[in-house]
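Fold and geometry: a report
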Amino acid sequence: EKGDSNDYVILKSSKEKGETEIKLIDKEEIDFKDKTAVILGSGGAGKTVKAVLNGRGIETLTVGRSSAVNYSNVYEVLKDKDCVIINATPMGSKTEGVPIDLKRLKRVSAVIDLAYKPYRTELITEAERLKIKAVTGLYMLICQAERASRLFVGEKGQEKITDDIYKRLLERRNIVLTGLAGA
């Protein structure tokens, strides 16, 4: 939730720019107008995403295994809703599979998977196959590294470096990330 957690700060920049910005979402120009942000996962990452989006006045709906809206009834709940799907579960990163079947949802304009390893999760691949805007968690990972560097070194104004690194990585044909997710 709110506070100085790295994910919260990465998703929502400080007000130094004079506006509230959701870095990953604004970078990829995700449009939430008249849409519901469907957050898959009710753990820490899901709660962080919810806090950031609610802070901007975006309607959210959390889907969890034991939530009122769960993976069994989500299709019925969303049948008449325009939505953006945000995966805040480890599925696709730590386990195979997808948390939700995009083919069963007819009104999805974008899919954001906070996972960055692998670069293209099964959920991202499915979204691309269905011609739905797909956003990986790579930019968030780079922002986390930039913020960690800034905390240790104390330098500010590295946002251009972050964007340059992101652009250079996207120009590569293959992206292989090593190390432990969450480490």
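Use the structure listed above.
Residues numbered from 1 in each chain as written. Predicted model: local features only at pLDDT ≥ 70, side-chain atom pairs only at ≥ 80, totals over all residues. Heavy atoms only, no water.

**Points about the pattern of salt bridges**
The condition is simple: Salt bridges are identified by distance alone: a Lys or Arg side-chain nitrogen within 4 Å of an Asp or Glu carboxyl oxygen. Counting from the N terminus, the helices are DSSP H or I runs at least four residues long and the strands are E runs at least two residues long. Three labels apply to residues, based on accessible area from a 1.4 Å probe with only protein chains included: buried if under 20% of the type maximum, exposed if over 50%, partly exposed otherwise in between.
Going through the model one piece at a time under the given rule, you end up with eight salt bridges. We note a salt bridge from R107 to D82, for which the minimum N-O separation is 2.8 Å. Taken together, the positions of R107 in the loop between β3 (83-87) and β4 (108-113) and D82 in the loop between α4 (74-78) and β3 put the pair 25 residues apart, joining distant regions of the chain. Classification of R107 as partly exposed rests on a relative accessible area of 34%. For D82, a relative accessible area of 32% gives the class partly exposed. Notably, a salt bridge pairs E128 with R120, separated by 3.2 Å at the nearest N-O pair.

**Focus on the nonpolar core**
Across soluble globular proteins, nonpolar side chains have a tendency to be buried as a group. The condition that has to hold: Buried Ala, Val, Leu, Ile, Met, Phe, Trp, Tyr and Cys residues that are joined via side-chain atoms within 4.5 Å together make up what is termed a nonpolar core. Any two residues having at least one pair of non-hydrogen atoms within 4.5 Å are treated as being in contact.
In this structure, I30, F32, L53, I86, I112 and L114 are the most contacted members of the largest nonpolar core, which totals 23 residues. In contact with I30, other than residues within four places in its own chain, are I25, V84, A110, I112, K133 and V135. Ranked by size, the runner-up nonpolar core spans 18 residues in total, among them L61, V69, V74 and V111.

No statement about biological role is implied by the geometric values presented.
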